[in-house]
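Breakdown of the fold
Listed below are the residues making up each chain.
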Amino acid sequence: MAKISTIILFLFILISCGSVKKIDVSSIRTIYLEHNPILPLNYGGKIEGKIKAITTDGEEIDITNNRHLTLTSNDVVQRGKVFEIVKHPNSFNDQFLRLSYTYVNKEEVLVISDSIQLNLRGDLRIDGSGADGLNGVNQSNRSTPLVFRDGKDGEHGTDGQHGSSAENYIGYIWKEGSDYYVYVQNIITKEEWKYISREPSKILFDLSGGDGGNGGNGGDGSNGKDGELDGEKSKRPGNGGNAGNGGSGGNGGSAGSIVLFLHSNAAELESKISFDMSAGNAGRAGEKGKPGLPGKALAGQVAGIKGRIGVNGLTGMRGQDGQVPEIAIQEFDFSGYK
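Rules used throughout
- Residues numbered from 1 in each chain as written.
- Predicted model: local features only at pLDDT ≥ 70, side-chain atom pairs only at ≥ 80, totals over all residues.
- Heavy atoms only, no water.
- pLDDT = per-residue confidence, 0-100.
- Contact = heavy atoms within 4.5 Å.
- Salt bridge = Lys/Arg side-chain N within 4 Å of Asp/Glu carboxyl O.
- Buried < 20%, exposed > 50% of the residue type's maximum accessible area, 1.4 Å probe, protein only.
- Pairing = 2+ DSSP bridges.
- Helix = DSSP H or I, 4+ residues; strand = E, 2+ residues; numbered from the N terminus.
- Axes fitted to C-alpha atoms, helices over the stretch in contact; angles between N-to-C directions.
- 1 Å grid on protein atoms, 1.4 Å probe; cavity = no way out; pocket = protein on both sides within 12 Å on 5 of 7 lines; lining within 4 Å.
- Points joined across faces, edges and corners; volume = space filled by probe spheres on them.
- Nonpolar A, V, L, I, M, F, W, Y, C, P; charged D, E, K, R; others polar.
- Polar contact = N/O pair within 3.5 Å; in protein donor to acceptor, adjacent residues only side chain to side chain.
- Phe/Tyr/Trp six-rings, centres within 6.5 Å; stacked < 30°, edge-to-face > 60°.

1. Regarding the confidence of the model for the protein
Do not read the predicted coordinates in detail wherever pLDDT is low. On average, residues of the protein carry a pLDDT of 92, and 93% of them reach 70 or more. Considering only residues more than four positions removed or in separate chains, one finds that residues 1-18, a stretch of pLDDT under 50, has 8 contacts.

2. Observations concerning the pattern of salt bridges
Tallying each qualifying case throughout the model produces 16 salt bridges. The closest approach of N and O atoms between Glu 60 and Lys 52, which form a salt bridge, is 3.9 Å. Among the residues examined, Glu 60 registers a relative accessible area of 40% and is labelled partly exposed.

3. Side note on the sheet that holds strand E2 (residues 46-48)
Ordered in space as E2-E7-E6, the 3 strands form an open sheet in which the pairing is antiparallel. At either end of the open sheet lies a strand with only one pairing partner, and these are E2 and strand E6 (76-79). In this sheet, adjacent strand axes meet at a mean angle of 25° when their direction is disregarded. One ladder, built from 4 bridges, connects E6 with strand E7 (residues 82-85); its direction is antiparallel. From the neighbouring strand, Gln 78 faces E7, where its bridge partner is Phe 83.

4. With respect to empty space enclosed by the protein
If a probe the size of a water molecule is rolled over the atoms, the empty space left behind becomes visible. Using the criterion set out here, one finds 1 cavity of 30 Å³ or more in the structure. Taken as a whole, the largest cavity encloses approximately 50 Å³ of empty space. Contributing to the lining of the largest cavity are Tyr 43, Gly 44, Ile 85, Val 86, Lys 87, His 88, Arg 125, Asp 127 and Tyr 195. Tallied by class, residues from the lining of the largest cavity come to 4 nonpolar, 2 polar and 3 charged.

5. Focus: the environment of Tyr 337
Here Tyr 337 shows up in the segment after strand E19 (327-330). Given a relative accessible area of 21%, Tyr 337 falls into the partly exposed group. Residues Tyr 337 and Gly 171, 166 residues apart in the sequence, show an inter-C-alpha distance of 10.0 Å. With residues near it in sequence (within four places) discarded, Tyr 337 still touches Phe 92, Tyr 172, Trp 174, Tyr 183, Lys 194 and Phe 332. A polar contact is formed between the side chain of Tyr 337 and the side chain of Tyr 172, at a distance of 3.3 Å.

6. Quick look at the packing of aromatic side chains
What the rule picks out here adds up to 15 aromatic pairs. Ring centres of Tyr 172 and Tyr 337 lie 4.2 Å apart, and the angle between their planes is 20°; on these two criteria the pair is classed as stacked. One end of the pair, Tyr 172, is in strand E11 (residues 168-176); the other, Tyr 337, is in the segment after E19, and 165 residues separate them in sequence. Ring centres 5.7 Å apart and planes at 10° place the aromatic pair Trp 174 and Tyr 181 in the stacked group. Looking at Trp 174, the relative accessible area reads 0%, which means it is buried. Here the aromatic residues Phe 92, Tyr 172, Trp 174, Tyr 181, Tyr 183, Phe 261, Phe 332, Phe 334 and Tyr 337 are joined through ring pairs into a cluster of three or more.

7. Re the sheet that holds strand E12 (residues 179-186)
Across the sheet, which stays open at both edges, the 5 strands sit in the order E13-E12-E11-E17-E19 with mixed pairing between neighbours. Taken across any chain shown, the strands that pair with only one partner, and hence form the sheet edges, are strand E13 (192-198) and E19. The mean inter-strand angle of the sheet, taken between neighbouring strand axes irrespective of direction, is 20°. Pairing between E11 and strand E17 (residues 257-263): 6 bridges, direction parallel. Residue pairing in the sheet places Ile 170 in a bridge with Val 259 of E17.

Below, the structure is given as structure tokens:
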């Protein structure tokens with residue numbers, strides 16, 4: 001009885017919370033990301049908060065993980081109740097994050113736009129890292145066939161993708177009033193990133209290589225059918241299916257590079273600037289599946305054959321580390337970078 005009561009209480013909690021609760025679209029007044037605006041909020045940082053719906057009667061409901069909700073943004077990536085700021089501003093005046101919430105209930109659809117202003121305080125992380133490679137696909141295990149005598153072969157795990165290498169940049173940092181300006185340009189594509197930071201605790205340039213994706217695991221081969229007697233006719237025992245091979249891991253990407261100039265009017269920042277020039281890690285090898293067993297033979301029957309053993313995939317290769325750059329402190333005309 002106590003176990004049943006516990007289950008009922010658990011279901012009540014699930015149903016009453018916003019993660020599974022259905023809300024009529026017509027009853028939603030707005031949707032927003034609730035967070036503490038006093039905490040430091042800068043590019044490359046994280047926002048700890050909740051996505052909330054405000055109903056027409058004033059009730060606030062946490063819908064952060066509601067399956068009816070979709071968050072769309074080029075500026076923010078949601079990971080549970082943590083929202084990572086991934087935006088690269090291309091203007092010093094751009095200090096906002098833009099988000100869009102789509103709430104769907106049956107055929108009703110509500111789209112709400114939201115924006116969050118950064119206070120540009122705290123650590124500034126400039127992310128020029130390479131993208132991680134996607135993991136290979138783990139294959140499902142085979143089941144004993146319904147029609148044929150022999151077991152089915154396990155599928156091979158697919159290979160992990162290679163991580164991307166970081167690119168090469170040139171950067172300039174200077175100070176105007178109490179604000180620090182950071183200009184970064186991709187040497188090849190000429191793409192520009194422009195940041196303002198107020199009293200930064202530290203500035204990190206992440207130019208690490210992307211990790212290689214892990215290889216997918218191979219599937220198990222299924223067992224063959226047992227030998228049978230059907231009247232005077234016998235059916236042989238089935239052979240086991242072959243094991244699937246594991247996929248190989250992807251290679252890690254190599255670190256990028258940067259040439260960084262720090263204006264003499266901001267020389268006090270030198271000790272606060274750091275670099276991540278590490279190589280991308282190698283992807284792990286996928287594991288082989290298990291071979292299927294032969295079916296049991298009846299007296300006088302030739303025994304079936306066990307499936308072939310699979311082969312593990314290969315581990316990828318780690319990328320190349322980059323050299324930690326030196327910071328050149330000098331005067332320069334920064335008007336051309338604004």
